[in-house]
Amino acid sequence: MQNSDVFSLLKTTVSNSRLLDIAGKALNGERITFDEGVTLYQEGEIPFLSMLSNAVRQRINDEYVYFNRNFHIEPTNICESHCSFCSYRRDDGEEGSWEHSLNDIRRKAESYVGKDITEVHIVGAVHPNRDLFYYADLVQTVKSVLPDIHIKGFTAVEVDAMIKKAGLSLEEGLQTLKKAGLDSMPGGGAEIFDEKTRARICPDKTDTAGWLKIHETAHKLGIPSNATMLYGLIETYEHRVDHMNRLRELQDQTHGFNTFIPLKFRHSNNAFSHIAESTTLEDLKNYAVARIFLDNIPHLKAYWPMIGKSVAQLSLAFGVDDLDGTIDDSTKIYSMAGAEEQNPSASTDELVKMIKTAGKVPVERDTLYNIVRRFD
Ligand code: V47
């Protein structure tokens, strides 16, 4: 549908002039303001948000919806941080804790030889005794077994802690990881940037300024990354827009973010279990506002192990153009927090079918969105 047709249709169904002004700007490719972002959250109804975010998605990504063939390595869940939303961390020696050796990691990598996997996502915890040199060895170990794989590894929080333990500067640490074979960084650890809220949900880890500085430095050193936002806890709509605004400002300078990934708070087995989870309508609204607000981050991901396959498919009508990957039952962060997917795994056929039934064109991509295969 042409943008002018979308606007005409919106005009016949929506009488709120503030929303129509925002729609006019977004459809023309103009940036919307902080206040307009908040208005979308507060006043945008679901059909309006779907239609507008879908038009914005189409302008940026045509009818392509991406996925990749990947697996995770989670080297440890022993963590010195104490985030109230986390169901995954354990103390050293506590029941349910694990720390894989480099040999374990080598064996895991070996099990993927010849399987046409393009990415390994490495994410774990802030282990009290493992420094950057250990993680550089880990990256080298994986690359020695799977030389062509893209390593997307370590949240800014993990990077911050491992570099400090090694006594290196941020630049030196990131260069060392890059030399060892790190290709990009995932978007985790961002949580919510509002300082007061962050202090309440994750008081003892990398702060907002630190997270942004690490991604800025990574981008300057040629390490692209993603960005996340943890929502559905105690934050307000203003905090969510503030979070996206800080990402938008950094992206204007570095252009290093590939994808934005909203992460719905899952409440089982953590200190915030008393907080009800967001509704599906709220999740869809959140994807739509993100797509409309973040005009300079090309991709918007619905991470299906966290949100579930059905909602991930629905999100394709709310601005999302990426479903992450095949996963191969290799991550525990969300299953331990009560997500529907207790053993997350998806075949290529399943992802292709999810995308085709939503009326879009499935594309297998690599981590940097180069096309591996189209399924027209
Ligand atoms: O930073 C932890 C989140 C993140 C919970 O870059 C939770 O492609 C909800 O970084 N409920 C780590 N969220 C995961 C991550 C990620 C995931 C998918 C794709 C990418 C990417 C990155 O998981 C943490 C935190 O924000 N998290 N516990 C929970 N109970």
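The structure displayed is predicted, hence computed values, not measured ones. (Residues numbered from 1 in each chain as written. Predicted model: local features only at pLDDT ≥ 70, side-chain atom pairs only at ≥ 80, totals over all residues. Heavy atoms only, no water.)

## Quick notes on the domain arrangement of the protein
Segmenting the protein into domains produces domain 1 (3-58) and domain 2 (64-374). Between domain 1 and domain 2, the C-alpha centre-to-centre distance is 29 Å. Listed by partner, the interface residues are 19 residues for domain 1 and 27 residues for domain 2. Together domain 1 and domain 2 conceal approximately 2,100 Å² of surface at their shared face, both sides included; 69% is due to carbon and sulfur atoms. Taken as a group, Arg31, Tyr41 and Arg57 account for 40% of the area that domain 1 buries against domain 2, more than any other trio of residues on that side. Joining domain 1 to domain 2, the criterion identifies 2 salt bridges. We note a salt bridge from Arg31 to Asp295, for which the minimum N-O separation is 2.9 Å. Remark: the boundary between domain 1 and domain 2 carries 6 residue pairs in polar contact (both at pLDDT 80 or more). Sorting the residues of the side of domain 1 that touches domain 2 by element identifies helix H3 (34-43) and helix H4 (46-61) as the ones contributing at least two each. Residue composition of the side of domain 1 that touches domain 2, by class: 10 nonpolar, 7 polar and 2 charged. (Domains from an automatic or database assignment. Contact = heavy atoms within 4.5 Å. Buried area = accessible area lost by both parts, 1.4 Å probe. Salt bridge = Lys/Arg side-chain N within 4 Å of Asp/Glu carboxyl O. Polar contact = N/O pair within 3.5 Å; in protein donor to acceptor, adjacent residues only side chain to side chain. Helix = DSSP H or I, 4+ residues; strand = E, 2+ residues; numbered from the N terminus. Nonpolar A, V, L, I, M, F, W, Y, C, P; charged D, E, K, R; others polar.)

## A word on the UniProt feature "binding site: S-adenosyl-L-methionine" (unreviewed entry) in the protein
The feature "binding site: S-adenosyl-L-methionine" (unreviewed entry), as given by UniProt, occupies Phe85 and Glu191 in the numbering adopted here. For the annotated residues, spread through 107 residues, the largest C-alpha to C-alpha distance comes to 9.8 Å, consistent with a single compact locus. The subset of the named residues that lines the largest cavity consists of Phe85 and Glu191. Of note, Phe85 is situated in the loop between strand E2 (70-73) and helix H5 (102-110). For Phe85, the residues in contact, after removing those within four places along its chain, are Glu191, Ile201, Cys202, Lys205, Leu230, Leu233, Phe265, Asn270 and Phe272. With respect to the helices and strands, the residue Glu191 is situated in the loop between helix H8 (170-180) and helix H9 (195-201). (UniProt positions renumbered as here; feature names shortened; annotations may be inferred. 1 Å grid on protein atoms, 1.4 Å probe; cavity = no way out; pocket = protein on both sides within 12 Å on 5 of 7 lines; lining within 4 Å.)

## Focus: the site of the ligand
In the vicinity of the ligand, 21 residues are found, and the nearest of them are Lys152, Gly189, Glu191, Lys301 and Tyr334. The contact in question runs from a nitrogen atom of the ligand to an N or O atom on the backbone of Arg266, over 2.9 Å. One nitrogen or oxygen atom from the side chain of Lys301 is found 2.7 Å from an oxygen atom belonging to the ligand. Protein contact buries 96% of the 620 Å² of open area that the ligand shows by itself. Applying the majority rule of atoms within 2 Å of the grid points places the ligand in the largest cavity. Within the residue set of the shell around the ligand, elements represented by two or more residues are strand E5 (225-231) and strand E6 (257-264). Among the elements that line the shell around the ligand, the one with the most residues is E6, at 3 residues. Its residues assigned to classes, the shell around the ligand comprises 10 nonpolar, 6 polar and 5 charged. (Near = heavy atom within 4 Å. Areas by Shrake-Rupley, 256 points an atom, 1.4 Å probe, with all protein chains shown as cover. Sits in = over half its atoms within 2 Å of the grid points.)

## Considering empty space enclosed by the protein
Tallying each qualifying case throughout the model produces 3 cavities of 30 Å³ or more. Here the largest cavity defines a volume of roughly 700 Å³. In this structure, the largest cavity is lined by 40 residues; those nearest its centre are Val123, Gly189, Glu191, Ile333 and Tyr334. Mapped onto the lining of the largest cavity, the elements with two or more residues apiece are helix H7 (156-166), E5 and E6. The class makeup of the residues in the lining of the largest cavity is 18 nonpolar, 13 polar and 9 charged. For the second largest cavity, the calculated volume is near 50 Å³. As for the second largest cavity, its lining consists of Ala26, Gly29, Glu30, Val56, Arg59, Ile292 and Asp295. Looking at side-chain class alone, the lining of the second largest cavity contains 3 nonpolar, 1 polar and 3 charged residues. (Points joined across faces, edges and corners; volume = space filled by probe spheres on them.)

## Some words on the environment of Phe260
As for its position among the elements, Phe260 is in strand E6. Owing to a relative accessible area of 1%, Phe260 belongs among the buried residues under this scheme. Residue contacts for Phe260: discarding those within four places in its chain leaves Ala227, Thr228, Met229, His243, Met244, Leu247, Ala290, Leu294, Ile297, His299, Leu300 and Lys301. (Buried < 20%, exposed > 50% of the residue type's maximum accessible area, 1.4 Å probe, protein only.)

## Regarding helix H12 (residues 280-293)
In this model, H12 (14 residues) spans 20 Å end to end at C-alpha, consistent with the 20 Å of a helix rising 1.5 Å per residue. Burial analysis of H12 places 12 of its 14 residues in the buried class, the great majority of the element. Of all the positions in H12, only Glu282, Asp283, Leu284, Lys285, Asn286, Tyr287, Ala288, Val289, Ala290, Arg291, Ile292 and Phe293 are classed as buried. (Expected span 1.5 Å × (residues − 1).)

## As for the packing of aromatic side chains
Considering all chains together, one arrives at 10 aromatic pairs under this definition. Between Tyr88 and Trp98, the aromatic rings sit 5.4 Å apart at their centres with planes inclined by 85°, giving edge-to-face as the arrangement. Here Tyr88 is found in the loop between E2 and H5, whereas its partner Trp98 is found in the loop between E2 and H5, with 10 residues between them in sequence. Note on accessibility: Tyr88 and Trp98 belong to one class, buried. For the ring pair Tyr135 and Phe154, a centre distance of 5.2 Å and an interplane angle of 70° mean the geometry is edge-to-face. Pair noted here: Tyr135 is in helix H6 (residues 132-145) and Phe154 is in the loop between strand E4 (150-153) and H7, with a separation of 19 residues, a long-range link. A residue is classified by how much of its surface remains accessible, and Tyr135, at 3% relative accessible area, is buried. Relative accessible area serves as the criterion here: at 0%, Phe154 is assigned to the buried category. Grouped by ring-pair contacts, the aromatic residues Tyr134, Tyr135 and Phe154 constitute a single cluster. The ring of Phe293 carries the charged tip of Arg248 above its face, separated from the ring centre by 3.8 Å. (Phe/Tyr/Trp six-rings, centres within 6.5 Å; stacked < 30°, edge-to-face > 60°. Lys NZ or Arg CZ within 6 Å of the ring centre and 35° of its normal.)

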